[in-house]
Amino acid sequence: MRGFKEPNFNERAAAAKNAKAKALEMLKNKPKPTEAQLAERAEAQRLKEAAQAAKRAAIQAAREAEKAAKEQAEREAAEAAAAARPKLPTAEELKAARDARYAARKARKR
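None of the values given here were measured: they were computed from a predicted structure. (Residues numbered from 1 in each chain as written. Predicted model: local features only at pLDDT ≥ 70, side-chain atom pairs only at ≥ 80, totals over all residues. Heavy atoms only, no water.)

Peer 1: What am I meant to see in the overall build of the protein here?
Peer 2: A count of helical and extended segments in the protein gives three helices and zero strands. In the protein, the succession of α and β elements from N to C terminus is α-α-α. A globule of 110 residues ought to have a C-alpha radius of gyration of about 13 Å, yet the protein, at 43 Å, is considerably larger. C-alpha extents for the protein along the principal axes are approximately 135 × 50 × 25 Å. The buried share of the protein, taken over its 110 residues, is 0%. Just so you have it, the protein exposes about 10800 Å², and 59% of that area is on carbon and sulfur atoms. Once the 28 positive and 16 negative side-chain charges of the protein are each reduced to a mean point, those two points are 7 Å apart. (Helix = DSSP H or I, 4+ residues; strand = E, 2+ residues; numbered from the N terminus. Rg over C-alpha atoms; globule rule 2.2 N^0.38 Å. Buried < 20%, exposed > 50% of the residue type's maximum accessible area, 1.4 Å probe, protein only. Areas by Shrake-Rupley, 256 points an atom, 1.4 Å probe, with all protein chains shown as cover. Lys, Arg positive; Asp, Glu negative; His and termini not counted. Charge placed at Lys NZ, Arg CZ, Asp CG, Glu CD.)

Peer 1: Where do I start with the pattern of salt bridges in this structure?
Peer 2: Between side chains of opposite charge, a pair can form as their charged atoms come close. Evaluated as defined, the whole model comprises three salt bridges. Between E93 and K87 there is a salt bridge, and its shortest N-O distance comes to 3.8 Å. The exposure class of E93 is partly exposed, given its relative accessible area of 39%. Among the residues examined, K87 registers a relative accessible area of 69% and is labelled exposed. We note a salt bridge from K95 to D99, for which the minimum N-O separation is 3.1 Å. Highlighted residues: K95 and D99, both in helix α3 (residues 91-109), separated by four residues, approximately one helical turn. (Salt bridge = Lys/Arg side-chain N within 4 Å of Asp/Glu carboxyl O.)

Peer 1: I'm lost on a positive patch on the surface in this one. Help?
Peer 2: A contiguous patch of positive charge, built from R98, R101, R105, K106, R108, K109 and R110, is present on the exposed surface. Its place among the elements puts R101 in helix α3. Judged by its relative accessible area of 53%, R101 falls in the exposed class. (Patch = residues over 30% accessible without salt bridge, like charges linked within 9 Å, V, L, I, M, F, W, Y side chains within 5 Å.)

Peer 1: Please explain the environment of A50 as it appears in this structure.
Peer 2: Assignment of secondary structure puts A50 in helix α2 (residues 35-84). Considered as a pair, A50 and A69 are 19 residues apart in the sequence and their alpha carbons are 28 Å apart.

Peer 1: Got a minute to help me understand the environment of A53 in this structure?
Peer 2: Relative to the elements of secondary structure, A53 occurs in helix α2. Exposure remark for A53: the relative accessible area of 35% places this residue in the partly exposed category. A sequence separation of 51 residues divides A53 from R2, and the C-alpha atoms of the two residues are 64 Å apart.

Peer 1: Even after reading the chapter, I still don't get the environment of F9, so can you show me in this structure?
Peer 2: Locating F9 in the fold gives a position in helix α1 (residues 9-29). As a C-alpha pair, F9 and K95 span 86 residues in sequence and 104 Å in three-dimensional space.

Listed below in structure tokens is the structure:
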């Protein structure tokens, strides 16, 4: 039994040339699509794009809803934190309390 003979450069180039010629011939012999097939493909493409647009719109709406829910939760958390914090008296309230204590002290002394 003889060993495998490596093809040389010329043999490889010829094989590539023949393969390319065969592929071109098959492409030339391929039938052209009919108007009905072209219309069917265009309709399928239009439906596919419409479905993709609807999917993108649904995803965008879901993102916006999630964002709105997150902002609402943050707002409610901030309101709850503000309600839990003790209310600091204003300067007028502090002055009124101080005056009331002073008046009470003066009244006790008499």
